[in-house]
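# What the coordinates show
If you want the building blocks of each chain, they are given just below.
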Amino acid sequence: MAAPNIETIVSLSKRRGFVFPSSEIYGGLGSAWDYGPLGVELCNNVKQAWWRWMVHERDDMEGIDSSIILNRSVWKYSGHEETFHDPLVDCRECKQRFRADHLLAEFTMQLQQEWRKENPDKPEPPPEVLFMGKGLQRGLGSFRTPGYIKCPACGKSNWTDPRQFNLMFRTTLGAVADEDDPAALAYLRPETAQGIFINFLNVQTTMRRKIPFGIAQIGKSFRNEVTPGNFIFRTREFEQMEMEYFVRPGEDERVHQEWIDYCFDWFKRLGIAPENLRFYEQPKEELAHYAKRTVDIHYRFFPERDDEERQWDELMGIANRTDFDLKAHSKKPEDEEGKRLNPDSTEDLSYFDEATKERYYPYVIEPAAGVNRTVLAVLMDAYTEKTTDKGEKRVVLKLHPELAPVKVAVLPLAKNKPEIVSTAKRIKSELQPAMRAVYDDTGGIGKLYARQDEIGTPFCVTVDHQSLEDEAVTVRDRDTWEQERVRVAELPEHLKKRLGIKC
Ligand code: ATP
């Protein structure tokens with residue numbers, strides 16, 4: 001089982017210290033969220049798991065950490081200044097603002113649903129029903145047709161014309177600038193990828209890398225989303241785990257497919273049920289300006305929705321970005337009249353292949369995942385409910401041990417017995433260097449177990465009266481609730497083995 005909806009995770013997160021609404025004492029800040037003591041551990045574990053899988057376990061990968069604020073030219077030549085837009089519309093009646101493409105997608109889905117109901121024996125709706133596929137441009141016009149698309153908030157159909165809105169956050173650099181000074185204009189990065197492209201040569205030459213190889217990065221990105229929401233699914237400040245894999249042109253399609261499959265496997269490795277994951281091939285009309293093909297991995301973020309098609313949304317995108325970015329940032333490429341396409345760059349980011357004596361701009365395969373969406377998917381998928389012998393409902397968060405914020409909780413059976421307390425504290429500090437361990441004596445043992453189940457702690461270790469005599473403790477398994485007696489001397493090795501900790 002998984003969480004029945006995101007709301008269940010919102011309340012668990014608040015109750016148990018995973019995620020809090022940001023700036024709550026001042027009424028909150030729209031879509032911003034703060035990670036609490038357990039949330040920060042979970043986030044860090046997701047990032048470490050990704051980094052280990054992506055960088056440390058491979059021979060063809062390097063990592064970097066580039067700046068959030070880059071030279072404005074980066075965003076000029078990457079195409080973000082001109083094209084990183086979302087189309088938005090305002091409802092003239094209730095003044096609410098929406099993403100025009102989201103309303104159209106929703107509307108198209110409704111049309112298709114109605115068509116399928118009326119034509120149960122026909123396989124596919126005709127093109128006029130699938131009109132979204134014919135391009136956003138034609139679709140955007142439908143906001144001008146009265147009665148066509150209705151406002152989700154008030155049900156009326158009185159829209160402004162859709163207009164493009166750039167998602168990059170603007171700021172000014174330095175103390176001298178007045179607010180509109182174009183010379184001081186800078187952006188907070190909307191993706192981490194560009195920091196990798198502009199460092200391609202630095203990494204390749206210092207690490208003496210040959211194509212194919214990849215550069216990975218984890219870091220914050222910022223997008224002034226028109227309609228943020230659904231908890232940590234869509235926020236204006238978020239973290240990305242991105243990797244750019246540089247290949248020889250011609251090898252790109254095969255390598256792209258390999259990465260699509262690896263990435264799907266990674267989410268399964270994290271313990272996400274395959275039936276809650278799917279591939280989504282982006283239709284041509286949806287592709288970003290730089291992409292030749294993009295396949296998204298979707299998670300079932302909205303299981304409560306009746307229509308199966310509306311239950312899914314993007315967890316990760318895996319794009320074939322071609323040689324677009326490296327070429328765009330290079331000083332060499334020229335137009336037909338011999339004019340440089342990029343007069344500001346001081347470097348050529350092409351690659352010389354020693355073996356074939358060829359120079360070319362590598363193609364780039366980019367798997368890009370959100371840390372926060374991964375955390376949400378992992379929490380939703382781990383959520384289970386279990387009934388005790390006494391008929392009480394318990395929440396058990398069956399997190400993969402690698403991701404669990406706390407690996408083991410050491411609990412004294414009697415907190416008024418100093419020897420039991422000091423033994424439990426000693427065991428906790430002996431375990432601490434190898435794994436995240438906590439000590440808790442703030443309730444009866446039943447309550448303490450329930451609390452650890454709810455935050456996903458794989459094991460509880462209980463110290464009782466007998467422990468003082470036989471130097472053994474009880475190890476309780478979160479998922480089976482089975483208990484086993486283990487000698488204290490063997491405890492670290494026993495837990496490390498069961499948690500899958502290798503060194
Ligand atoms: P969407 O279509 O949901 O806006 P996108 O296709 O624009 O996402 P990408 O540019 O492919 O997203 O970014 C890669 C990943 O970064 C996404 O798969 C997602 O996990 C994450 N991401 C993007 N935007 C946000 C956001 N506003 N909040 C949280 N995570 C995000």
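If you're wondering where the values come from, they're calculated on a predicted model, not measured in any experiment. (Residues numbered from 1 in each chain as written. Predicted model: local features only at pLDDT ≥ 70, side-chain atom pairs only at ≥ 80, totals over all residues. Heavy atoms only, no water.)

A few words now on the site of the ligand. Near the ligand, the surroundings consist of 15 residues, among which Arg223, Glu225, Arg234, Thr235 and Glu314 are the closest. Thr235 places a polar main-chain atom, nitrogen or oxygen, 2.8 Å from a nitrogen atom of the ligand. Looking at the shell around the ligand, the elements with two or more residues in it are strand E10 (237-247), strand E13 (313-322) and strand E16 (363-370). Partitioned by chemical class, the residues of the shell around the ligand number six nonpolar, four polar and five charged. (Near = heavy atom within 4 Å. Polar contact = N/O pair within 3.5 Å; in protein donor to acceptor, adjacent residues only side chain to side chain. Helix = DSSP H or I, 4+ residues; strand = E, 2+ residues; numbered from the N terminus. Nonpolar A, V, L, I, M, F, W, Y, C, P; charged D, E, K, R; others polar.)

Moving on, we get to the sheet that holds strand E19 (residues 408-412). The strands that make up a sheet pair up through hydrogen bonds in the backbone, lying either parallel or antiparallel. In space, the five strands of this open sheet follow the order E20-E19-E21-E22-E23, with mixed pairing throughout. The open sheet has two free edges, formed respectively by strand E20 (437-439) and strand E23 (483-487), since each of these has just one partner strand. On average, each strand axis in the sheet is inclined to that of its neighbour by 25 degrees, with strand direction left out of account. Across three bridges, E19 lies against E20 in parallel orientation. Each residue of the ladder has a partner; that of Val408, found in E20, is Ala437. Along the sheet face, helix H15 (residues 491-499) touches E19, strand E21 (459-463), strand E22 (472-477) and E23 and points at about 10 degrees away from the line of E22. (Pairing = 2+ DSSP bridges. Axes fitted to C-alpha atoms, helices over the stretch in contact; angles between N-to-C directions. Contact = heavy atoms within 4.5 Å.)

The grouping of Ile68, Ile69 and Leu173 at the surface amounts to a nonpolar patch, some 220 Å² of accessible area in total. Within the fold, Leu173 resides in the loop between strand E7 (170-172) and strand E8 (185-187). (Patch = residues over 30% accessible without salt bridge, like charges linked within 9 Å, V, L, I, M, F, W, Y side chains within 5 Å. Areas by Shrake-Rupley, 256 points an atom, 1.4 Å probe, with all protein chains shown as cover. Salt bridge = Lys/Arg side-chain N within 4 Å of Asp/Glu carboxyl O.)

Attention shifts here to the sheet that holds strand E12 (residues 293-299). Ordered by their spatial adjacency, seven strands build an open sheet running E3-E9-E10-E16-E13-E12-E11, and the pairing between neighbours is mixed. Every other strand in the sheet has two partners, leaving strand E3 (61-63) and strand E11 (277-281) as the edge strands with one partner each. Ignoring strand direction, the axes of neighbouring strands in this sheet form an average angle of 20 degrees. By the bridge criterion, seven bridges tie E12 to E13 in an arrangement that is antiparallel. Directly across from Thr294, in E13, lies its bridge partner Ala319.

A separate point is the packing of helix H2 (residues 37-56) against helix H9 (residues 252-269). Their axes nearest at 12 Å, the elements H2 and H9 cross at an angle of 140 degrees. Between H2 and H9, the angle is such that the two are oblique. The hand of the H2/H9 crossing is right-handed. Packed against H2, whose contacting residues are Val46, Ala49, Trp50, Trp53 and Met54, the element H9 presents Trp259, Tyr262, Cys263, Trp266 and Arg269 at the interface. Each residue belonging to the contact of H2 with H9 can be placed in one class, and the counts come to nine nonpolar, no polar and one charged. (Parallel < 35°, antiparallel > 145°, perpendicular 65-115°, else oblique. Left-handed = near helix turned anticlockwise from the far one by under 90°.)

Our focus in this paragraph is the pairing of strand E4 (residues 85-90). Within E4, five of the six residues are buried, leaving the element largely enclosed by the surrounding structure. Of the strand pairs in this sheet, E4 and strand E6 (residues 163-166) are connected by four bridges, and their pairing is antiparallel. Bridging across to E6, Pro87 finds its partner in Gln164. Both E4 and strand E5 (residues 97-99) contribute to a ladder of three bridges, which runs antiparallel. The partner of Val89 across the bridge, within E5, is Phe98. Hairpin connection of E4 to E5: six residues between the antiparallel strands, including Lys95 at a positive phi of 70 degrees. (Buried < 20%, exposed > 50% of the residue type's maximum accessible area, 1.4 Å probe, protein only.)

Bringing H15 into the picture now. The α-helix advances 3.6 residues per turn, and as a result positions three or four apart in sequence lie on the same side. Taken together, the buried positions of H15 are occupied by Leu491, His494, Leu495, Lys496 and Leu499. The secondary structure elements touched by the buried residues of H15 are E19, helix H12 (418-431), E21, E22 and E23. A positive phi of about 75 degrees marks Gly500, the residue just after H15.

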